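# Working through the structure, step by step
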Amino acid sequence: MLWKLLLATLVMCVAIRETIGRPDPGQGPPAGRGRPFSGRGRPFPGRGRPDRPPGQARKGCWYNDVFIPVGKKHKPDDCTTCTCEAAGAEPECVAIACIALYCPNPEYIPGQCCPVCPPGCMYGDVFIAVGTTYQPDPCTWCTCEADGAEPQCLAIACAFPLCPEPEYIPDQCCPVCPPGCMYGDVFIAPGNTYQPDPCTWCYCPEDGGPVACAVADCAFPPCSNLVYLPDQCCPVCQDIGCQHADGIILPGEDYKPNPCEGCTCPEAGQDPLCYAMACLEPDCEQPVQVAGQCCPVCDAPDGCLQDNNVIIPVGAEIPQQDPCVVCTCPFAGGTPTCSIIACPAVSCDNPVQIAGQCCPLCNM
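Being a predicted model, the structure only gives us computed values, none of them experimental.

### Topic: the overall build of the protein
Scanning the protein from N- to C-terminus turns up one helix and 28 strands. The buried share of the protein, reckoned over its 364 residues, is 26%. Within the protein, contacts between residues at least 6 apart in sequence are counted, and of these 26% link residues at least 24 apart.

### Quick look at the state of the cysteines
Summed over the entire model, instances satisfying the criterion amount to 22 disulfides. Linked covalently through their sulfurs, Cys-61 and Cys-84 form a disulfide whose S-S length is 2.1 Å. Across the S-S bond of Cys-61 and Cys-84 the torsion is about 70°, and the bridge reads as right-handed. Note that Cys-61 is positioned in strand E1 (residues 60-63) and Cys-84 in the loop between strand E4 (80-83) and strand E5 (92-95), a separation of 23 residues in sequence. Here Cys-61 matches Cys-84 in class, with each residue buried.

### Points about the confidence of the model for the protein
Taken over all residues, the pLDDT of the protein has a mean of 78, while the share at 70 or more is 81%. The secondary structure element of the protein with the lowest average pLDDT is helix H1 (residues 2-21), at 43, and the one with the highest is strand E9 (residues 140-143), at 94. pLDDT under 50 marks residues 1-50. Its contacts with residues more than four places away, or in other chains, come to 45 contacts.

### Description of the sheet that holds strand E8 (residues 133-137)
Whenever strands of a sheet pair, they do so through backbone hydrogen bonds, lying parallel or antiparallel. Across the sheet, three strands lie side by side as E8-E9-E10; this open sheet has antiparallel pairing. On the outer flanks of this sheet lie E8 and strand E10 (152-155), each paired with one strand and no other. Averaged over all pairs of adjacent strands, the angle between their axes in this sheet comes to 25°, without regard to strand direction. Bridge count between E9 and E10: four bridges; the pairing is antiparallel.

### A look at the sheet that holds strand E14 (residues 200-203)
Strand order in this open sheet of three strands is E13-E14-E15, and the pairing throughout is antiparallel. Each having just a single partner strand, strand E13 (193-197) and strand E15 (212-215) make up the two edges of the open sheet. Ignoring strand direction, the axes of neighbouring strands in this sheet form an average angle of 25°. The pairing of E14 with E15 spans four bridges and is antiparallel.

### Section: the nonpolar core
With eight residues, the main nonpolar core is built from Ala-291, Cys-304, Val-310, Ile-312, Ala-316, Ile-318, Cys-327 and Cys-329. Ignoring anything within four residues of it in the chain, the contact list for Ala-291 reads Gln-306, Val-310, Ile-311, Ile-312 and Ile-318. One finds Tyr-255, Cys-263, Cys-265 and Ala-355 within the second-largest nonpolar core, a separate group that totals six residues.

### With respect to the side chain of Thr-140
Mapped onto the elements, Thr-140 comes out in strand E9. Under the relative-accessibility criterion, Thr-140 is labelled buried at 13%. Within the structure, Thr-140 has its side chain in polar contact with the side chain of Asp-137 (distance 3.0 Å). Once residues within four sequence positions are removed from consideration, Thr-140 is found in contact with Tyr-134, Gln-135, Cys-153, Leu-154 and Ala-155.

### Quick notes on the environment of Cys-265
Tracing the backbone through its elements, the reader meets Cys-265 in the loop between strand E21 (261-264) and strand E22 (273-276). You can call Cys-265 buried: its relative accessible area is 2%. With residues up to four places along the chain from it excluded, the contact list for Cys-265 reads Gly-241, Cys-242, Ile-249, Leu-250, Pro-251, Gly-252 and Glu-253.

### Some words on the pairing of E21
Sheet analysis places strand E20 (residues 254-258) next to E21, joined by three bridges and oriented antiparallel. What sits directly across from Tyr-255, in E21, is Cys-263. In this antiparallel pair of consecutive strands, E20 and E21, the connection spans two residues. In this structure, E21 lies alongside E22, joined through four bridges in antiparallel fashion. Bridge assignment links Thr-264 to a residue of E22, and that residue is Leu-273.

Reading the values: rules and limits
- Residues numbered from 1 in each chain as written.
- Predicted model: local features only at pLDDT ≥ 70, side-chain atom pairs only at ≥ 80, totals over all residues.
- Heavy atoms only, no water.
- Helix = DSSP H or I, 4+ residues; strand = E, 2+ residues; numbered from the N terminus.
- Buried < 20%, exposed > 50% of the residue type's maximum accessible area, 1.4 Å probe, protein only.
- Contact = heavy atoms within 4.5 Å.
- Disulfide = S-S within 2.5 Å.
- pLDDT = per-residue confidence, 0-100.
- Pairing = 2+ DSSP bridges.
- Axes fitted to C-alpha atoms, helices over the stretch in contact; angles between N-to-C directions.
- Core = buried A, V, L, I, M, F, W, Y, C linked by side-chain atoms within 4.5 Å.
- Polar contact = N/O pair within 3.5 Å; in protein donor to acceptor, adjacent residues only side chain to side chain.

Now the structure itself:
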């Protein structure tokens, strides 16, 4: 009986040894045998894979813990495809290279490798999503209305400020004037003065408040021929002739204050030169004074006798002491007819009275 027990023990040990040394058809190659797995996959640690199909030990490849049959493909992710070319070899994996996108927030679609841009437009190298607006500069707004279309851009037309040196503020489109005052369409810097006309001065306060203007009050000089010179506020006297008691005598002209006196103006601004006529005694007992003549005559012409015993010849118009009164004789022995000249209203404050003329003048 003892030898039978020893024989049974020996048979059992041989069976156990053979079982231990034989690889499991459902597992991978034994450790230390074959070529190690490299690349993106990694060899499965241990001696076998319980999920490998029986009898497929040398008819596929391993990618990490995934078995790929020969000639089949495996996609570990949306961008990578691995192919088993030969049993026990490393799988050949190819990764898709995605191009760079121009949009700031690309979208990832399930089942696709590379992200895509949402619907939008391109402005240069800037992406504008549909329905949104992009501002390339402070004065321009561009809107994308449809996918792939040209963006519609609107630019602001600025009204140029009236100040000489407008300022540009960052992120603001149109230039603006610095602090100051406006007088009509004229800009006045703080603390400066502007003169819109010779008689007006306008000042802009330091704080840029309302502009304050002052107008000069002119004192008119005592002369009849006032003139306004360019760039001067108040009028001045202008010498247009020689000043006479009866008015101004123009240069080069003669004026007879009465039939026996004459005056002339040598040059504007000077005193007139006056002279008196000397009469010879008439060679008759009753000389006659003719109107408009200095010396009496012996032979009286036909005419009209005035109250001062002066004869006005028939048809003659004789100015009187007042240059606005003119008398004439209608027929011999008749009564002189006198008329008064009516002067039109003048449009100036200081008209000029010319000696020997009835009506004053504004412009000379």
